[in-house]
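Here is how the chains run, residue by residue.
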Amino acid sequence: VADLTDVMKETGYWDNINPRLRELCSVDGKVYALPTNAYALGVSYNTKLFEQAGYMSEDGTPKQPKTWYELAEMAQHIKEVTGVPGFVLETAKNCGGWFMSNIGWSFGVDWMEQDKDGKWIATFDTPEAVEALQFIKDLKWKYNCVPANNIIDQEEATKLYATGQAAMVLDGPIYNRVVKYEMDPNDYGIMTLPAGPKKHVALLGGTLTCVPSNA
């Protein structure tokens, strides 16, 4: 693929791309791809349900859970007060592994390691991974804060959230998907992910576009 560094600087693209995203497209300081969209995982919350549960301040800012366990406690309280699930964790299709990656990292799971020969080995079987899975299990069986049927994909999670049937959902920005459910824009809020016992991390994703070197 083509080295795009010089043309990006000449046309002004260099200064208009988030440096962190630009770094992900670079090797040895040279850029070889353009990020055409990008996201970070966060928590979308329903302001109306947060108000009912006493989690909105007078200045319009929400109480933000600092840890995953605090999020679970808040979700439990929301369900007790409002009668609707406080949290939706998408699990169906590719969503389960997608979000488990982020939760696992925050609990200290590395998922893979490189041996002395340079070979990458999966490291799923760790106490940290068990702790992360136990937390996910507890969302249903200890906190009882998720929908009764939690085999939910992204579209179903969006529908529950946008129609006021869930207070929080873990996802990237979903404002473009709630429109078809005619969600009141004033009810839409988004905040950072909570921290885990070991790390405070958010998974990034997006799309890159490359140019052939012979173009």
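Residues numbered from 1 in each chain as written. Predicted model: local features only at pLDDT ≥ 70, side-chain atom pairs only at ≥ 80, totals over all residues. Heavy atoms only, no water.

Looking at the side chain of Arg22
Here is step 1: When you line up the elements, Arg22 lands in helix H2 (residues 19-24).
Here is step 2: No salt bridge is formed by the buried Arg22; the nearest opposite charge belongs to Asp15, separated by 5.0 Å.
Here is step 3: Of the polar contacts made by the side chain of Arg22, one reaches the backbone oxygen of Trp14; its length is 2.5 Å.
Here is step 4: Ignoring any residue separated from it by four or fewer positions in sequence, one finds Arg22 in contact with Trp14, Asp15, Ile17 and Val31. (Helix = DSSP H or I, 4+ residues; strand = E, 2+ residues; numbered from the N terminus. Buried < 20%, exposed > 50% of the residue type's maximum accessible area, 1.4 Å probe, protein only. Lys, Arg positive; Asp, Glu negative; His and termini not counted. Salt bridge = Lys/Arg side-chain N within 4 Å of Asp/Glu carboxyl O. Polar contact = N/O pair within 3.5 Å; in protein donor to acceptor, adjacent residues only side chain to side chain. Contact = heavy atoms within 4.5 Å.)

Regarding helix H7 (residues 154-162)
Here is step 1: Inspection of H7 places Ala157, Thr158, Leu160, Tyr161 and Ala162 among the buried residues, and these make up the whole buried set.
Here is step 2: Considering only its buried residues, H7 is in contact with strand E4 (42-46), strand E7 (168-171), helix H8 (175-178) and strand E8 (188-191).
Here is step 3: Measuring from the backbone nitrogen of Glu155 back to the side-chain oxygen at the start of H7 gives 3.3 Å, which picks out Asp153 as the cap.
Here is step 4: After H7 finishes, the residue Gly164 shows a positive phi value of roughly 75 degrees.

What to know about helix H4 (residues 68-82)
Here is step 1: Between the first and last C-alpha of H4 there are 21 Å, a value that for 15 residues agrees with the 21 Å anticipated at 1.5 Å per step.
Here is step 2: Against E4, helix H3 (47-52), helix H5 (95-106), helix H6 (127-141) and E7 lie the buried residues of H4. (Expected span 1.5 Å × (residues − 1).)

Examining the nonpolar core
Here is step 1: In terms of nonpolar packing, the biggest core is built from 38 residues, with Phe50, Trp68, Phe87, Ile103, Leu139, Met168 and Leu170 touching the most fellow members.
Here is step 2: Of all the secondary structure elements, the ones that give two or more residues to this core are E4, H3, H4, H5, H6 and E7.
Here is step 3: Those residues in contact with Trp68, other than ones at most four positions away along the chain, are Phe87, Ile103, Ser106, Phe107, Phe135, Leu170, Leu193, Pro194, Ala195 and Gly196. (Core = buried A, V, L, I, M, F, W, Y, C linked by side-chain atoms within 4.5 Å.)

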